[in-house]
Structures are given as C-alpha cells and as structure tokens.
Amino acid sequence: MLTTFLDPGMLRHELSLQSAQRAGDDAGGFAEAWVEIATVFARLEPAQAKSFFRAGQRMEEVTHQITIRHRADVASGMRFELQGRAFLILSISDPDETGRYLICMTKEDGR
C-alpha cells in the first residue's frame, strides 16, 4: 500500500471542531447548540459545487474535503467552523490506514 504524503505546511487553516449538544426544554422538546471540542489545523479544499431545483426554488450545495491530523474523537454529524462558515461532516476516511491523517468530506451549511 502506498503511504500518503502531506506537506505539514498545507494544514494552514485553523478550524473549530464542534459537536452538537442537546438540552431539554420545558415543552418536552430540546434545543441544540454547537460546542467546541478542539481547535485543529487543516487543509481545506473545495471539492464540488452544484445547483439544483427543489420545492420551486434554486438550491446550491458546496462540498469540501478537509484533511486533519488523526483524532479518535471525530465523527460524522460533527462540524468544523471557520470564520462563521460551518462545514458539516458527512464521512471520514483514513487515506492510507496509517492513522496519521483523516479526510473529512463535508457540506458547507448555509450556502
């Protein structure tokens, strides 16, 4: 198997890794808030942008590939935040199974 080489200087974006926390309300429901788990340095690359028509309006979807150093606490459903931009984590993979890096496929929320 080939080992993936990544220049450490490419991990230049400082992102906030966040997890959703739920708190019950008085009506039997819950409120969701995002709590910072860690600050990580990452490589942020646009992967795809597409436009489609749904429910009578144009919708835009932008996806990014975010590469970080390996962490055991990263999971789908978490998100990264960079200067007010939120990137929801859809999937996570270890590119060469060496436990050095994680590649997170994300969808930019709100764009």
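Higher on the page you've got the structure.
Report follows, based on the coordinates. Starting afresh in each chain, residues are numbered from 1 along the sequence in its written order. Reporting of local features is limited, given that this is a predicted model, to residues whose pLDDT is at least 70; pairs of side-chain atoms are given and counted only at 80 or more, and all residues count toward the totals for whole chains, interfaces and linings. To get the side-chain values, all heavy atoms of the structure are used, and hydrogens and water are removed first.

**Here's the deal with the environment of L17**
Consideration 1: By secondary structure assignment, the location of L17 is in strand β1 (residues 13-24).
Consideration 2: Spatially, the C-alpha atoms of L17 and R85 are 12 Å apart, while their sequence positions differ by 68 residues.
Consideration 3: By definition, residues are in contact when any of their heavy atoms lie within 4.5 Å. In this structure, L17 is in contact with V35, E36, I37, A38, R71, V74, M78, R79, F80 and I89, ignoring residues within four places of it in sequence. Here a strand is any run of E in DSSP of at least two residues, a helix any run of H or I of at least four, and the numbering for each starts at the N terminus.

**Regarding unusual backbone geometry**
The bulk of non-glycine residues show a negative phi, and the bulk of peptide bonds are trans.
Consideration 1: Phi at Q83 takes a positive value of approximately 50 degrees, unusual for a residue other than glycine.
Consideration 2: Structurally, the position occupied by Q83 is in the loop between β4 (79-82) and β5 (85-93).
Consideration 3: Phi at E97 is positive, roughly 60 degrees, even though this residue is not glycine.
Consideration 4: Within the secondary structure, E97 is located in the loop between β5 and β6 (101-109).
Consideration 5: When its relative accessible area of 62% is taken as the criterion, E97 is described as exposed. Classification of residues uses two cut-offs on accessible area relative to the type maximum, computed with a 1.4 Å probe and protein chains only: under 20% is buried, over 50% is exposed, and between them is partly exposed.

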